[in-house]
Amino acid sequence: MRVFRVKDNAERLQSTCRGILMPEVSTELFEEMVKKVVRLNQEWIPTYESGATLYIRPLLIGTSAQVGVHPAKEYCFLIFVTPVGPYFKGGFASNPYVIVRDYDRSAPLGTGKYKVGGNYAASLFANNLAHEKGYACEFYLDAKEKKYIDECGAANFFGIKDNTYITPKSTSILPSITNKSLMQVAEDLGLKVERRPIPEEELDTFEEAGACGTAAVISPISYIDDLETGKRYDFGAQPGPISKKLFDTLRGIQYGEIEDKHGWTTVVIE
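Residues numbered from 1 in each chain as written. Predicted model: local features only at pLDDT ≥ 70, side-chain atom pairs only at ≥ 80, totals over all residues. Heavy atoms only, no water.

*Asks:* Just to check I follow, could you spell out the overall build of the protein for this structure?
*Replies:* Within the protein, the regular secondary structure consists of 6 helices and 13 strands. Relative to its length of 270 residues, the protein is compact, with a C-alpha radius of gyration of 19 Å against a globular reference of 18 Å. Each of the three principal axes of the protein carries a C-alpha extent, and together these read 50 × 50 × 35 Å. Expressed as a percentage of its 270 residues, the buried residues of the protein come to 44%. Of all intrachain contacts in the protein linking residues separated by at least 6 positions in sequence, the fraction that spans at least 24 positions is 69%. (Helix = DSSP H or I, 4+ residues; strand = E, 2+ residues; numbered from the N terminus. Rg over C-alpha atoms; globule rule 2.2 N^0.38 Å. Buried < 20%, exposed > 50% of the residue type's maximum accessible area, 1.4 Å probe, protein only. Contact = heavy atoms within 4.5 Å.)

Shown next, in the form of structure tokens:
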């Protein structure tokens with residue numbers, strides 16, 4: 001059993017703790033608990049052949065008895081795991097997205113860059129609307145000007161053009177460890193990498209586009225509709241060759257099929 005980027009996840013939790021005034025969980029405690037919860041639940045780890053995985057979710061919550069908007073005095077840190085099936089049950093596939101202008105996932109100077117439950121709650125209504133209209137997920141523009149690409153639901157966005165991997169830079173976006181990994185893999189494969197503001201109209205210039213996150217690694221985007229303007233940004237019905245190469249390479253590293261040159265994986269159970 002290999003666990004992916006344990007230290008990076010510990011550091012992201014610590015960053016969130018600092019941002020919302022919770023005590024930081026040490027990297028040593030985090031790593032110890034991740035290894036212990038995997039070992040204690042090894043009978044639930046899906047087989048390699050299944051394509052499924054054991055999802056690991058750390059959680060830190062305030063538990064002290066109080067009423068009022070201020071930091072808690074007592075906290076509980078726990079980690080739960082659950083087996084999850086393959087994200088792409090019918091094979092690596094592309095999905096349509098829709099731009100939502102009437103809803104924001106987070107504000108530029110809010111908690112968007114921290115992994116807190118409220119960010120997910122803020123996306124539920126827009127996500128449901130997207131599903132009702134037949135789209136896989138909603139697509140957010142920046143909350144301040146509605147000019148720049150923000151996120152794809154709860155996932156980071158990336159686009160490919162001119163042999164370059166391009167992803168948004170924004171204070172309202174959660175820094176995705178998967179996106180960070182893909183940027184490194186892209187460089188390893190000879191691509192240039194740019195992290196910068198991306199205006200909506202630049203979508204027209206991308207050869208490929210995708211959402212990236214823990215569960216899917218990459219969820220390729222077939223097209224993005226802007227219902228307000230009637231514009232459709234089309235990236236093809238099938239995943240592009242660079243997206244497929246990025247996906248196969250990162251999954252190969254996670255599964256131990258490709259050399260882990262960056263020391264990202266931790267072997268918990270041989």
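*Asks:* Mind showing me how you'd approach the state of the cysteines here?
*Replies:* Think of a disulfide as a covalent bridge from one cysteine sulfur atom to another cysteine sulfur atom. If you walk through the whole model with that rule in mind, you get 0 disulfides. Cysteine Cys76 shares no disulfide, and the gap to the nearest cysteine sulfur, in Cys17, comes to 13 Å. Since its relative accessible area comes to 31%, Cys76 is described here as partly exposed. With no disulfide of its own, Cys137 has Cys152 as its nearest cysteine by sulfur position, at a separation of 7.2 Å. Residue Cys137 is classed as buried on the basis of its relative accessible area, which comes to 13%. (Disulfide = S-S within 2.5 Å.)

*Asks:* Help me understand the nonpolar core, please; the structure alone is not making it clear to me.
*Replies:* General note: in soluble globular proteins, nonpolar side chains tend to be found buried as a group. With 20 residues, the main nonpolar core has Tyr165, Leu182, Ile218, Leu246 and Leu250 as its most contacted residues. The residues touching Leu246, leaving out its near neighbours within four places in the chain, are Ile160, Tyr165, Leu182, Val185, Ala186, Leu189 and Ile218. Counting 19 residues, the second-largest nonpolar core is a separate cluster that includes Ile149, Ala155, Ile166 and Ile221. (Core = buried A, V, L, I, M, F, W, Y, C linked by side-chain atoms within 4.5 Å.)

*Asks:* Would you explain helix 6 (residues 241-254) in this entry?
*Replies:* The first and last C-alpha atoms of helix 6 sit 20 Å apart over 14 residues, in line with the 20 Å expected at 1.5 Å per residue. Looking only at helix 6, the buried set comprises Ser243, Leu246, Phe247, Thr249, Leu250, Gly252, Ile253 and Gln254. In the segment just after helix 6, Gly256 is the residue with positive phi, at about 80°. (Expected span 1.5 Å × (residues − 1).)

*Asks:* Any chance you could explain the packing of aromatic side chains here in plain terms?
*Replies:* The geometry of an aromatic ring pair is captured by two quantities: the separation of the ring centres and the angle between the planes. Applying the stated criterion across every chain, the model contains 8 aromatic pairs. On the numbers, 5.6 Å between centres and 70° between planes, the contact of Tyr48 with Tyr255 is edge-to-face. Of this pair, Tyr48 sits in the loop between helix 2 (27-40) and strand 2 (53-62) while Tyr255 sits in the loop between helix 6 and strand 13 (265-267); the two residues are 207 residues apart in sequence, bridging distant segments of the chain. A ring pair is formed by Phe92 and Phe247, whose centres lie 4.2 Å apart and whose planes are at 20°; its orientation type is stacked. Remark: Phe247 occurs in helix 6 and Phe92 occurs in the loop between strand 3 (75-84) and strand 4 (95-100); sequence separation between them is 155 residues. (Phe/Tyr/Trp six-rings, centres within 6.5 Å; stacked < 30°, edge-to-face > 60°.)

*Asks:* Would you mind showing me how to read the packing of helix 1 (residues 6-19) against helix 2 here?
*Replies:* The relative placement of two packed helices is expressed as an angle between their axes plus a distance between the axes. Where helix 1 meets helix 2, the closest approach of the two axes is 9 Å, and the angle between their N-to-C directions is 125°. In this view, helix 1 runs oblique relative to helix 2, as classed from their interaxial angle. Handedness of the crossing formed by helix 1 with helix 2: right-handed. Residues Val6, Lys7, Asn9, Ala10, Leu13 and Gln14 of helix 1 touch helix 2, and the partners they reach there are Thr27, Phe30, Glu31 and Val34. Here the residues of the contact of helix 1 with helix 2 sort into 5 nonpolar, 3 polar and 2 charged. (Axes fitted to C-alpha atoms, helices over the stretch in contact; angles between N-to-C directions. Parallel < 35°, antiparallel > 145°, perpendicular 65-115°, else oblique. Left-handed = near helix turned anticlockwise from the far one by under 90°. Nonpolar A, V, L, I, M, F, W, Y, C, P; charged D, E, K, R; others polar.)

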